[in-house]
Amino acid sequence: MKRRNTADSWLIEKVAELKKNGIDFFLCETTYTTKSGKEKTLRSVTKSTAAGISAYANNMYLKYGDSMCVTVGYFDKAFNWHTLTTYHA
């Protein structure tokens, strides 16, 4: 079964532009709040396409619900961190 692409046009264009500039992967960091109120941070994962980023964020929402936040960013050639987008439920 083919995965449905839920990435918006802005993200698709931005990822394509960054790939042309040599950015090969994007880091996705997920945090969520447990029922007891404790904030948890999951291990960061890498994604290389806009569809992959969007699918990951959708899966985290389905798993953790309204308390989750996925921050997507990348390192440039000088190793400076840039936040690309943030998904909140």
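Residues numbered from 1 in each chain as written. Predicted model: local features only at pLDDT ≥ 70, side-chain atom pairs only at ≥ 80, totals over all residues. Heavy atoms only, no water.

Novice: What exactly am I supposed to notice about the pairing of strand S5 (residues 81-88) here?
Specialist: In the case of a regular strand, side chains alternate between the two sheet surfaces. Across seven bridges, strand S4 (residues 69-75) lies against S5 in antiparallel orientation. Counterpart to Val70 in the pairing with S5 is Tyr87. In textbook terms, the turn of a hairpin is the stretch between consecutive antiparallel strands, and for S4 and S5 this stretch comprises five residues, one of which, Phe79, has a positive phi near 65°. (Pairing = 2+ DSSP bridges. Helix = DSSP H or I, 4+ residues; strand = E, 2+ residues; numbered from the N terminus.)

Novice: Looking at this model, I keep getting lost on the environment of Ser48. Mind explaining?
Specialist: Mapped onto the elements of the fold, Ser48 is located in the loop between strand S3 (45-47) and helix H2 (50-64). Judged by its relative accessible area of 37%, Ser48 is partly exposed. Expressed as a C-alpha distance, the spacing of Ser48 and Val15, which sit 33 residues apart in the sequence, is 8.4 Å. Beyond its immediate stretch of four places on either side in the chain, Ser48 contacts Val15, Lys19, Asp24 and Phe26. (Buried < 20%, exposed > 50% of the residue type's maximum accessible area, 1.4 Å probe, protein only. Contact = heavy atoms within 4.5 Å.)

Novice: Mind showing me how you'd approach the pairing of strand S1 (residues 26-33) here?
Specialist: Bridging between S1 and S3 involves three bridges; their strand directions are antiparallel. What sits directly across from Leu27, in S3, is Thr46. Taken together, the five bridges between S1 and S4 define a ladder with antiparallel strand orientation. Bridge pairing in S4 places Glu29 opposite Thr71. As paired strands, S1 and strand S2 (residues 39-41) are joined by three bridges and run antiparallel to one another. Each bridged residue has a counterpart across the sheet, and for Thr31 the counterpart in S2 is Thr41.

Novice: Would you mind going over the nonpolar core with me for this structure?
Specialist: Proteins that are soluble and globular tend to have nonpolar side chains buried together. Residues Leu11, Val15, Phe26, Ile53, Val70, Val72 and Leu84 are the most contacted members of the largest nonpolar core, which totals 17 residues. Sorting the residues of this core by element identifies helix H1 (9-20), S1, H2 and S4 as the ones contributing at least two each. If one sorts the elements of this core by residue count, H2 sits on top with four residues. Those residues within four positions of Ile53 in sequence are excluded, and the remaining contacts are Leu11, Val15, Phe26, Cys28, Lys47, Val72 and Tyr87. (Core = buried A, V, L, I, M, F, W, Y, C linked by side-chain atoms within 4.5 Å.)

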